[in-house]
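Geometric and topological summary
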2 protein chains.
Amino acid sequence: MQIYSRTEKSAKELADILSVKYTTSVNEIDENADIYFVAINDSAVAKVLPQINFNNKLVVHCSGSLPLSAIEKYSKNIGVFYPLQTFSKKREIDFSEIPVFIEANSTKNEKFLLEIAVQISRSVSVINSDKRKMLHISAVFACNFVNHFYTIAAEILKSNDIPFEVLKPLILETAQKVQEIQPEKAQTGPAVRFDENIISAHLQALNDFDEYRQLYMSVSKSIFNHYKK
Amino acid sequence: MQIYSRTEKSAKELADILSVKYTTSVNEIDENADIYFVAINDSAVAKVLPQINFNNKLVVHCSGSLPLSAIEKYSKNIGVFYPLQTFSKKREIDFSEIPVFIEANSTKNEKFLLEIAVQISRSVSVINSDKRKMLHISAVFACNFVNHFYTIAAEILKSNDIPFEVLKPLILETAQKVQEIQPEKAQTGPAVRFDENIISAHLQALNDFDEYRQLYMSVSKSIFNHYKK
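Small disclaimer: the values here were computed from a predicted structure and weren't measured.

Section: the overall build of chain A
Within chain A, the secondary structure is distributed over eight helices and seven strands. Taken over the C-alpha trace, chain A has a radius of gyration of 22 Å; the compact-globule value for 229 residues is 17 Å, which it surpasses by more than 25%. Taken along the three principal axes of its C-alpha coordinates, chain A extends 65 × 40 × 30 Å. Here chain A holds 229 residues, and the buried ones make up 51% of them. Taking the intrachain contacts of chain A between residues at least 6 apart in sequence as the baseline, contacts between residues at least 24 apart amount to 42%. Carbon and sulfur atoms form 49% of the exposed surface of chain A, whose accessible area is close to 11400 Å².

Points about the nonpolar core
Phe141, Phe149 and Leu167 of chain A together with Phe141, Phe149 and Leu167 of chain B are the most contacted members of the largest nonpolar core, which has 119 residues in total. Beyond its immediate sequence surroundings of up to four residues, Phe141 of chain B is in contact with Phe149, Ile152, Ala153, Ile156, Leu206, Tyr212, Leu215 and Tyr216 of chain A together with Val146 of chain B.

A short note on the interface of chain A and chain B
Counting residues at the interface gives 89 residues for chain A and 89 residues for chain B. Roughly 8500 Å² is buried in total at the junction of chain A and chain B, and carbon and sulfur atoms are behind 67% of that figure. The salt bridge partner of Arg91 of chain A is Glu180 of chain B, with a shortest N-O separation of 3.2 Å. Linking chain A with chain B are 36 residue pairs in polar contact (both at pLDDT 80 or more), by the criterion used here. At 26 residues, helix α4 (residues 129-158) of chain A tops the list of elements feeding residues into the side of chain A that touches chain B. Each residue belonging to the side of chain A that touches chain B can be placed in one class, and the counts come to 48 nonpolar, 26 polar and 15 charged.

A closer look at unusual backbone geometry
Residue and element names in this part refer to chain B. Positive phi outside glycine occurs at Asn56, with the angle close to 60 degrees. Structurally, Asn56 is set in the loop between α2 (42-48) and β4 (58-61). For Asn56, a relative accessible area of 35% puts it in the partly exposed group. Phi at Asp161 is positive, roughly 55 degrees, even though this residue is not glycine. Along the chain, Asp161 turns up in the loop between α4 (129-158) and α5 (168-180).

Thoughts on the sheet that holds β4 of chain B
Residue and element names in this part refer to chain B. Here we have five strands laid out as an open sheet, ordered β3-β4-β5-β6-β7, and mixed in their pairing. Every interior strand has two partners, whereas the edge strands, β3 (35-38) and β7 (124-126), have only one. Within this sheet the neighbouring strands show an average axis-to-axis angle of 25 degrees, counted without direction. Relative to β4, β3 is paired through four bridges, and the arrangement is parallel. When the sheet's bridge partners are listed, Val38 is paired in β4 with His61. Contacting β3, β4, β5 (78-83), β6 (100-104) and β7, helix α3 (residues 107-120) runs over the sheet at an angle of about 165 degrees to β6.

Structural notes on helix α7 (residues 196-205) of chain B
Among the residues making up α7 of chain B, those that are buried are Ile198, Ile199, Ala201, His202 and Leu203 of chain B. Taken together, the buried residues of α7 of chain B touch α2 (42-48) and α4 of chain A together with α8 (210-228) of chain B.

Regarding the packing of α4 of chain A against helix α8 (residues 210-228) of chain A
All names here are of chain A. Where α4 contacts α8, the two axes come as close as 12 Å, and the packing angle between them is 130 degrees. In terms of axis orientation, α4 runs oblique to α8. Two packed elements cross with a definite hand, and for α4 against α8 that hand is left-handed. Counting all contacts with α4, which are made through Phe149, Ile152 and Glu155, the residues of α8 involved are Tyr212, Leu215 and Val219. Counted by class, the contact of α4 with α8 contains five nonpolar, no polar and one charged residues.

Details of the side chain of Gln187 of chain B
Note on placement: Gln187 of chain B falls in the loop between α6 (183-186) and α7. Its relative accessible area of 9% is what places Gln187 of chain B among the buried residues. Separated by 3.0 Å, the side chain of Gln187 of chain B and the backbone oxygen of Asn144 of chain A make a polar contact. Of note is the side chain of Gln187 of chain B, whose polar atom sits 3.3 Å from the backbone nitrogen of His148 of chain A. Once you skip the residues sitting within four places of it in the chain, Gln187 of chain B turns out to touch Asn144, Asn147 and His148 of chain A together with Val192, Ile223 and Tyr227 of chain B.

Points about the relation of the copies chain A and chain B
With an axial shift of 0.0 Å and an RMSD of 0.0 Å, the rotation relating chain A to chain B amounts to 180 degrees. Both chain copies can therefore be described as sitting about a two-fold axis. Scanning chain A for the C-alpha nearest the rotation axis identifies Val146 of chain A, at a separation of 2.6 Å. Of the interface residues in chain A, 100% have counterparts in chain B that sit at the interface too, so the contact is made through matching surfaces.

Topic: α5 of chain B
Given a rise of 1.5 Å per residue, 13 residues ought to cover 18 Å, and the 19 Å separating the end C-alpha atoms of α5 of chain B matches this to within 8%. Of all the residues in α5 of chain B, the buried ones are Lys168, Leu170, Ile171, Glu173, Thr174, Ala175, Lys177 and Val178 of chain B. Check the buried side of α5 of chain B and you find it contacts α4 and α5 (168-180) of chain A together with α4 and α6 of chain B.

Parameters and conventions
- Residues numbered from 1 in each chain as written.
- Chains lettered and ligands numbered in written order.
- Predicted model: local features only at pLDDT ≥ 70, side-chain atom pairs only at ≥ 80, totals over all residues.
- Heavy atoms only, no water.
- Helix = DSSP H or I, 4+ residues; strand = E, 2+ residues; numbered from the N terminus.
- Rg over C-alpha atoms; globule rule 2.2 N^0.38 Å.
- Buried < 20%, exposed > 50% of the residue type's maximum accessible area, 1.4 Å probe, protein only.
- Contact = heavy atoms within 4.5 Å.
- Areas by Shrake-Rupley, 256 points an atom, 1.4 Å probe, with all protein chains shown as cover.
- Core = buried A, V, L, I, M, F, W, Y, C linked by side-chain atoms within 4.5 Å.
- Buried area = accessible area lost by both parts, 1.4 Å probe.
- Salt bridge = Lys/Arg side-chain N within 4 Å of Asp/Glu carboxyl O.
- Polar contact = N/O pair within 3.5 Å; in protein donor to acceptor, adjacent residues only side chain to side chain.
- Nonpolar A, V, L, I, M, F, W, Y, C, P; charged D, E, K, R; others polar.
- Pairing = 2+ DSSP bridges.
- Axes fitted to C-alpha atoms, helices over the stretch in contact; angles between N-to-C directions.
- Parallel < 35°, antiparallel > 145°, perpendicular 65-115°, else oblique.
- Left-handed = near helix turned anticlockwise from the far one by under 90°.
- Least-squares fit on C-alpha atoms with pLDDT ≥ 70 in both.
- Expected span 1.5 Å × (residues − 1).

Structure (structure tokens):
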């Protein structure tokens, strides 16, 4: 029906794809919608939402970590619509494979959200705010932190004039492996073998990368702790 | 020509696939081979190799971190054949996509190894021992440490009765993304947005997982440091 963004370019881009109108002014947000999706930074929610009159229509945020209660001041009908995926504007993603997690303040609102969610995803479930936060934390480990380790690997390679290309098959196989095998059972490498010779050689070789040496030690220790059990 | 392993089951399994003989006794290792591949733990190399008479034939180890010089005592012809991948017995892998890194103590031995490597892989390059070690370290970050973060994510989910299944599309997309986009540019999540509200909420929620809380802090700080530059 309508897209709002404070940035005209962003508003127009999405509105054009959906063939709907757009605005960059909160005062011009259409008051006749059945549902409002709030897809903004968690910290912006408390700043932007008080400016909008939702007429107690269903207001839904899309955040992993914000509790449902964070938006209870803004409408009598509230919910959460949390798609568990990493989004970059340049990547097209098959939405039907993205798990969507739903929460709402009434059975009626929950049912409405479930009906919308199953239109776009094959995996939809109801989850409460506490569990959603833990889900988000697990996603931070499995995606954001993982990607940072790709970045560290790329940096180590670059400083040795080795192209990042060589790691791509390994990265893909590591992710594909845990689609079939539990990650705990898929673990390989010097730390899980308690191979102290290799580990100390690696720590020495990371002399120029103090921060990464610290991370190497912490994560190796965590692997030790996990497998000595 | 022949497989040696100290474990009969392992020796037989591989020998049967290759239709060759096998042995579990170092004394019975055939002395007429052109090349010997040593695919054992780094720490076992110095224990096992002195027991074998290689007649100065080409002896090749397959380790990321052992320097070429680690086997110079055992033959006048030595080399390294390092396939960069994570191997588990249960997973079948397309070897043609695995980058293979070669090193040898003579041009002749290097050429021989290159000729063998291109029979099984489409990506073969010569690399020295120091660079191979850095390559191995980058693989530890991009594979072993990444997989440990999958394990941590799985544990956090399990303690909240959420199936690991829900993370699989995210894990796959995170790996697929960096096949096309540089990991540095693919980064998402609270740390790269410097979203301190979410981070402190996550740290609090990880109260029952002291070790993972420490890791969450260290990796988030490393992400800060990287993106504030």
